[in-house]
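Summary of the model geometry
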Amino acid sequence: MKKVFILFLFFFSLLSSCATYIKVKLLKPSEIYIGNIKNVSVSDFDLKGDFSSNEEKSLGEIAGNILVDAILGNKSKEDDFDQGKKASDKLSSKLNENAYFNVLSSNSDKNDAIIKGSGIYKVNDSAIWIDDIQERNGITIRNKKYKVSRKVSTFITYNVLDSKTNAVLATQSLESSNSDYQIVDLPDDAKHRLREWKSMADEQLTEIANKIALQISPHYEFEDREIKDGKSKMMKSALEYSKSGLMEEAKKIWEDVLNDTKSEKEDILNSNYNIAIYYEINGNFDKAIEYFNKCYKISNKNDFFNDISRINKRKEEIEKLKKSGAKVNI
């Protein structure tokens, strides 16, 4: 089983010297539970194209032909296959990037599950003459402009199937769309100004592949944790250690602040808070909650219950990760 590391820390400072933030890389559970699956393959998705154009009747046959050429002139018989293969390749790449599944070939006998997908991608071009009204030196000038628009939409339904029983482990439908328009002087300029539909569809396939990966596989996300400053030299020294990633050294100083009877209330509060963060990022959640509770007792502020709620949520996430077979090293 692969080792999956939960935390990867790096540090950056705000322009202000009063605090620093720790960016924490956390392994998050999949949005959809598909069981203890490790080996998967991705079949080429089956995508069909739907191309259409809408134009004002008054545009005439020439303008209409420009729109048709703008779309159909760029489409070949291989486009459906290409778009389906792009979708599956992008998903395979994203799953490999997440490094949770072993992505195998579709004919491998070691597959636990197979991911299949189907759907359509739509390209619609439209055109209309519009009034271009400008005022110059008190004179109203009216011209006609040609507005061309292109909307591309992709709709995909995917299924995760048990490779042995063919049972459906997960199924979802996703969609993405974007559009472009240009205002030109002559209809003949239209197809040279609009974005090429394949590049627009490519962005959508990337977005959908990323969404599928988030839904079915554990994945990493970044979150920020604040390290608080204080009034004393000891607190400022600890902050500098934390900026350098030396959290053990910083923690020792915060503990010294707590043991110093001369420490001010603000430093005591912030030391308890920072120690709680230290335990949180190292996976000792019970100790973190203990120190956040101390913060509440000192300040009587309910804000610290939000921190405790975050930790309890994280504990639930780790249980889900373990259930899915992820090896959690904290």
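Up top you'll find the structure we're talking about.
The shown structure was predicted, so the numbers you read here are calculated from the model rather than taken from an experiment. (Residues numbered from 1 in each chain as written. Predicted model: local features only at pLDDT ≥ 70, side-chain atom pairs only at ≥ 80, totals over all residues. Heavy atoms only, no water.)

Along the backbone of the protein chain there are 9 helices and 11 strands. Within the span of the protein chain, comprising 330 residues, buried residues form 41% of the whole. The long-range fraction of contacts in the protein chain, counting pairs at least 24 apart against all pairs at least 6 apart in sequence, stands at 71%. Accessible area of the protein chain: about 17800 Å², with a carbon and sulfur share of 48%. (Helix = DSSP H or I, 4+ residues; strand = E, 2+ residues; numbered from the N terminus. Buried < 20%, exposed > 50% of the residue type's maximum accessible area, 1.4 Å probe, protein only. Contact = heavy atoms within 4.5 Å. Areas by Shrake-Rupley, 256 points an atom, 1.4 Å probe, with all protein chains shown as cover.)

Time to look at the pairing of strand E4 (residues 39-42). Residues Asn39 and Ser41 of E4 are buried on one face, and the alternating residues Val40 and Val42, pointing to the opposite face, are buried as well. The pairing of E4 with strand E6 (residues 102-103) spans 2 bridges and is classified as parallel. By the bridge assignment for E6, Asn39 is matched with Asn102. (Pairing = 2+ DSSP bridges.)

Mapped onto the fold, Ser30 is located in the loop between strand E3 (19-28) and E4. Separated by 2.9 Å, the side chain of Ser30 and the backbone oxygen of Ile32 make a polar contact. Residues in contact with Ser30, not counting those within four places in the same chain, are Leu214, Gln215, Ile216, Ser217 and Pro218. (Polar contact = N/O pair within 3.5 Å; in protein donor to acceptor, adjacent residues only side chain to side chain.)

Before going further, it helps to examine the side chain of Gln83. Turning to its location among the elements, Gln83 is positioned in helix H2 (residues 79-98). When sequence neighbours within four positions are dropped, the list of residues in contact with Gln83 reads Leu47, Tyr121, Trp197, Ala201 and Leu205.

Of all hydrophobic cores here, the largest spans 65 residues; its most connected members are Phe45, Leu95 and Ile216. Here this core takes 9 residues from helix H4 (residues 197-216), the largest share from any one element. Residues contacting Leu95, with those up to four places away along its chain left out, are Val40, Val42, Tyr100, Phe101, Val103, Ile115, Ala213, Ile216 and Ser217. (Core = buried A, V, L, I, M, F, W, Y, C linked by side-chain atoms within 4.5 Å.)

Attention now moves to the packing of aromatic side chains. If you walk through the whole model with that rule in mind, you get 10 aromatic pairs. Summarising the aromatic geometry, the rings of Tyr121 and Trp197 are spaced 5.6 Å apart at their centres and angled 10 degrees between planes, so their arrangement reads as stacked. With a gap of 76 residues between them, Tyr121 in strand E7 (residues 113-136) and Trp197 in helix H4 connect regions that are remote in the sequence. Per residue, the accessibility class of Tyr121 equals that of Trp197, and both read buried. Ring centres of Tyr273 and Phe292 lie 5.6 Å apart, and the angle between their planes is 65 degrees; this geometry places the pair in the edge-to-face category. Highlighted residues: Tyr273 in helix H7 (residues 265-281) and Phe292 in helix H8 (residues 285-299), separated in sequence by 19 residues. Phe292 carries the same exposure label as Tyr273, and that label is buried. An aromatic cluster of three or more residues is present, and its members are Phe51, Tyr121 and Trp197. Directly above the ring of Tyr181 sits Lys147, whose terminal nitrogen or CZ lies 4.9 Å from the centroid. (Phe/Tyr/Trp six-rings, centres within 6.5 Å; stacked < 30°, edge-to-face > 60°. Lys NZ or Arg CZ within 6 Å of the ring centre and 35° of its normal.)

Relative to the helices and strands, Glu203 resides in helix H4. For Glu203, a relative accessible area of 41% puts it in the partly exposed group. Contact partners of Glu203, with chain neighbours within four places excluded, come to Asn178 and Arg195. Among the polar contacts listed, one links the side chain of Glu203 to the side chain of Asn178, at a separation of 3.1 Å.

Along the chain, Lys297 falls in helix H8. Overall, the relative accessible area of 70% leaves Lys297 in the exposed class. In the structure, Lys297 is positioned 28 residues away from Leu269 in sequence and 9.5 Å away in space, judged by C-alpha atoms.

Here the focus is helix H9 (residues 303-323). For H9, which comprises 21 residues, the first-to-last C-alpha distance of 31 Å matches the rise-based estimate of 30 Å (1.5 Å per residue) to within 8%. Listing the buried residues of H9 in full gives Phe304, Asp307, Ile308, Ile311, Arg314, Glu317, Ile318 and Leu321. (Expected span 1.5 Å × (residues − 1).)

This paragraph deals with unusual backbone geometry. One non-glycine residue with positive phi stands out, namely Asn166, at about 65 degrees. When you line up the elements, Asn166 lands in the loop between strand E8 (139-162) and strand E9 (168-184).

So, about the pattern of salt bridges. Under the counting rule described, the total for this entry stands at 26 salt bridges. The salt bridge partner of Glu317 is Lys28, with a shortest N-O separation of 3.1 Å. Of this pair, Glu317 sits in helix H9 while Lys28 sits in strand E3, placing them 289 residues apart in sequence. The same class applies to Glu317 and to Lys28, which are both buried. A salt bridge links Lys85 to Asp89, with the nearest nitrogen and oxygen atoms 3.0 Å apart. One end of the pair, Lys85, and the other, Asp89, are both in helix H2, 4 residues apart, so they sit about a helical turn from each other. Under the relative-accessibility criterion, Lys85 is labelled partly exposed at 33%. Connected via shared salt-bridge partners are Lys28, Glu223, Arg225, Glu280, Asp307, Arg310, Arg314 and Glu317. (Salt bridge = Lys/Arg side-chain N within 4 Å of Asp/Glu carboxyl O.)

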